[in-house]
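# What the coordinates show
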Amino acid sequence: MLSNTSKYAIRAVIYLELYTSDTKMAGIREISTELGIPSHFLGKILQMLVKHQVLESAKGPHGGFKLKKPAIDISLMDIIEIFEGADIFDQCLIRTTPCSNDSHCSLHDKVSPYLEGLKKLLRTESIADLASSFRNGNEEIRI
């Protein structure tokens, strides 16, 4: 459903919440190695997150990346919209044109409630929520 770019971005932001602080940044090589993401691709993702004010970066021997704002203020939808666009969940599953109240595809009425629920979840679930699962040892997958 989501592109690898969005998935990698979410994983990278969770990693930065877990392993950086006001005084400690993480470099691309570190993040790339820990998450198994190609460093060239990760660099582009991180720069896009910097551009959209999610991360801040610094160059130099102690440089790298860290969150620009508190993780509680970064929703999953904030990250997804950067890479997928704001209308990702409003696109029709069948047509090349959007569904509307006047004209919609045969799946629209069946899928619409699920998409609305998913959008609500992605707007309310924060990076802090996900990071706490890892901190508490409740998450078994490797980010």
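Preceding this section is the structure that the text describes.
Now for a description of the structure that goes with this document. (Residues numbered from 1 in each chain as written. Predicted model: local features only at pLDDT ≥ 70, side-chain atom pairs only at ≥ 80, totals over all residues. Heavy atoms only, no water.)

Here the focus is a nonpolar patch on the surface. A cluster of nonpolar side chains, namely L93, I94 and L107, defines an oily patch on the protein surface of about 280 Å² accessible area. Positionally, I94 belongs in the loop between α4 (76–84) and α5 (108–124). (Patch = residues over 30% accessible without salt bridge, like charges linked within 9 Å, V, L, I, M, F, W, Y side chains within 5 Å. Areas by Shrake-Rupley, 256 points an atom, 1.4 Å probe, with all protein chains shown as cover. Salt bridge = Lys/Arg side-chain N within 4 Å of Asp/Glu carboxyl O. Helix = DSSP H or I, 4+ residues; strand = E, 2+ residues; numbered from the N terminus.)

One finds V13, I31, L46, L49, L55, I79 and I127 to be the most contacted residues of the largest nonpolar core, which totals 36 residues. Elements supplying a minimum of two residues to this core: α1 (4–19), α2 (28–35), α3 (39–51), β2 (64–67), α4, α5 and α6 (127–135). The biggest single contributor to this core is α1, with nine residues. Not counting residues within four places of it along the chain, the set of residues in contact with L55 comprises V13, L16, L46, L49, V50, F65, K66, L67 and K68. (Core = buried A, V, L, I, M, F, W, Y, C linked by side-chain atoms within 4.5 Å. Buried < 20%, exposed > 50% of the residue type's maximum accessible area, 1.4 Å probe, protein only. Contact = heavy atoms within 4.5 Å.)

Here we take up unusual backbone geometry. The phi dihedral of Q53 is positive, around 65°, even though this residue is not glycine. As for its position among the elements, Q53 is in the loop between α3 and β1 (55–58). Taking the relative accessible area as the measure of exposure, Q53 reaches 42% and is therefore partly exposed.

Without other data, these values stay purely geometric and don't point to any function.
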